[in-house]
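Remarks on the overall topology
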Amino acid sequence: GQQVKQSSPSLTVQEGGISILNCDYENDMFDYFAWYKKYPDNSPTLLISVRSNVDKREDGRLTVFLNKSGKHFSLHITASQPEDTAVYLCAAGANQGGSAKLIFGEGTKLTVSS
Amino acid sequence: EAAVTQSPRSKVAVTGGKVTLSCHQTNNHDYMYWYRQDTGHGLRLIHYSYVADSTEKGDIPDGYKASRPSQENFSLILELASLSQTAVYFCASSEAGGYTGQLYFGEGSKLTVL
């Protein structure tokens, strides 16, 4: 089954609003959580990441919230801008039996309308 | 700036033919990965490697082989290409520590199997 899941394939937000992107995971062993951004026909790039020992991390307009008991993490983008329009991929990772892997969600296409 | 280059960027192959996708990194990273991107599935890990001359299976290795002849190079081999392997393939590298390190992706290789 899908270990990392983004239930919303798309999201539209007005310019200046807050974009909230959600990600759920199944594996209790995950201890690293990240968000990648992907423009069409481009490669994904890392936006922000957190380890499981923190519940929140801020970086400019970006904040990651981690809810370990709920196996859920989210990305909040404040003051959303048209250039934030992209596909956002969440990812979670763990070192399991010597196998270190990063598992991605399906992606959420964010559209910021002006 | 991290650099991961893939070749070819685009390829059309016939069913049953052999396809080799190549990846070269100049980051001096130990870890390299091959992911495939399909609509609705995000990025799925095919094979990865943390040292030259050794490869590991990812989540969807069936139908694919991998080769890591040197730290810089990592190839994905489809011995008998099938229609279901039509996808965009991304190579990535990361520093030692694997899943907790930032992944640097190549530009992607679009494979169409007819």
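Not measured: the values here are computed from a predicted model.

**A short note on the packing of aromatic side chains**
- A complete count under the given rule lists 16 aromatic pairs over all chains for this structure.
- Between Phe-33 of chain A and Phe-73 of chain A, the ring centres sit 5.1 Å apart and the planes meet at 55°, which makes this aromatic pair tilted. Of this pair, Phe-33 of chain A sits in strand β4 (residues 32-38) while Phe-73 of chain A sits in strand β8 (residues 72-77), placing them 40 residues apart in sequence. Pair check on accessibility: Phe-33 of chain A and Phe-73 of chain A agree, each one buried.
- Seen in terms of ring centroids, Tyr-35 of chain B and Phe-105 of chain B are 6.0 Å apart; in terms of plane orientation they differ by 50°. Their pairing is tilted. Pair noted here: Tyr-35 of chain B is in strand β4 (residues 31-38) and Phe-105 of chain B is in strand β10 (residues 104-105), with a separation of 70 residues, a long-range link. The residues Tyr-35 of chain B and Phe-105 of chain B share a single accessibility class, namely buried.
- The structure contains a cluster of three or more aromatic residues connected by ring pairs, namely Tyr-36 and Phe-104 of chain A together with Tyr-31, Tyr-33, Tyr-35, Tyr-48, Tyr-50, Phe-90 and Phe-105 of chain B.

**Side note on the interface of chain A and chain B**
- The interface is formed by 21 residues belonging to chain A together with 19 residues belonging to chain B.
- Of the roughly 1800 Å² buried where chain A meets chain B, counting both sides, 58% is carbon and sulfur surface.
- Put simply, chain A and chain B have zero salt bridges between them.
- The interface formed by chain A and chain B contains three residue pairs in polar contact (both at pLDDT 80 or more).
- Broken down by secondary-structure element, the contributors of at least two residues to the side of chain A that touches chain B are β4, β5 (45-51), β9 (86-96) and β10 (99-104) of chain A.

**Side note on unusual backbone geometry**
- Cis geometry is adopted by the peptide bond preceding Pro-8 of chain B, which originates at Ser-7 of chain B and carries an omega value of -5°.
- Of note, Pro-8 of chain B is situated in the loop between β1 (4-7) and β2 (10-13).
- In this structure, Lys-71 of chain A is a non-glycine residue whose phi angle is positive, near 50°.
- Note on placement: Lys-71 of chain A falls in the loop between β7 (62-67) and β8.

**Structural notes on the pattern of salt bridges**
Residues and elements named next belong to chain B.
- Tallied over the full model, the rule gives nine salt bridges over all chains.
- Between Asp-38 and Arg-36 there is a salt bridge, with the nearest N and O atoms lying 2.8 Å from each other.
- On the accessibility criterion, Asp-38 (15% relative accessible area) is buried.
- For the salt bridge of Arg-44 with Asp-38, the shortest nitrogen-to-oxygen distance reads 3.1 Å.
- Looking at Arg-44, the relative accessible area reads 24%, which means it is partly exposed.
- Connected through salt bridges with shared partners, the residues Arg-36, Asp-38 and Arg-44 form a single ionic network.

**Notes on the sheet that holds strand β3 (residues 19-25) of chain A**
Residues and elements named next belong to chain A.
- Taken together, the five strands give an open sheet; going across it, the order is β1-β3-β8-β7-β6, and neighbouring strands pair in antiparallel fashion. On the outer flanks of this sheet lie β1 (4-5) and β6 (56-59), each paired with one strand and no other.
- Of the pairings in the sheet, the one linking β6 to β7 comprises four bridges and is antiparallel in character. Of the residues in β7, the one forming a bridge with Lys-56 is Phe-65.

Basis of the calculations
Residues numbered from 1 in each chain as written. Chains lettered and ligands numbered in written order. Predicted model: local features only at pLDDT ≥ 70, side-chain atom pairs only at ≥ 80, totals over all residues. Heavy atoms only, no water. Phe/Tyr/Trp six-rings, centres within 6.5 Å; stacked < 30°, edge-to-face > 60°. Helix = DSSP H or I, 4+ residues; strand = E, 2+ residues; numbered from the N terminus. Buried < 20%, exposed > 50% of the residue type's maximum accessible area, 1.4 Å probe, protein only. Contact = heavy atoms within 4.5 Å. Buried area = accessible area lost by both parts, 1.4 Å probe. Salt bridge = Lys/Arg side-chain N within 4 Å of Asp/Glu carboxyl O. Polar contact = N/O pair within 3.5 Å; in protein donor to acceptor, adjacent residues only side chain to side chain. Pairing = 2+ DSSP bridges.

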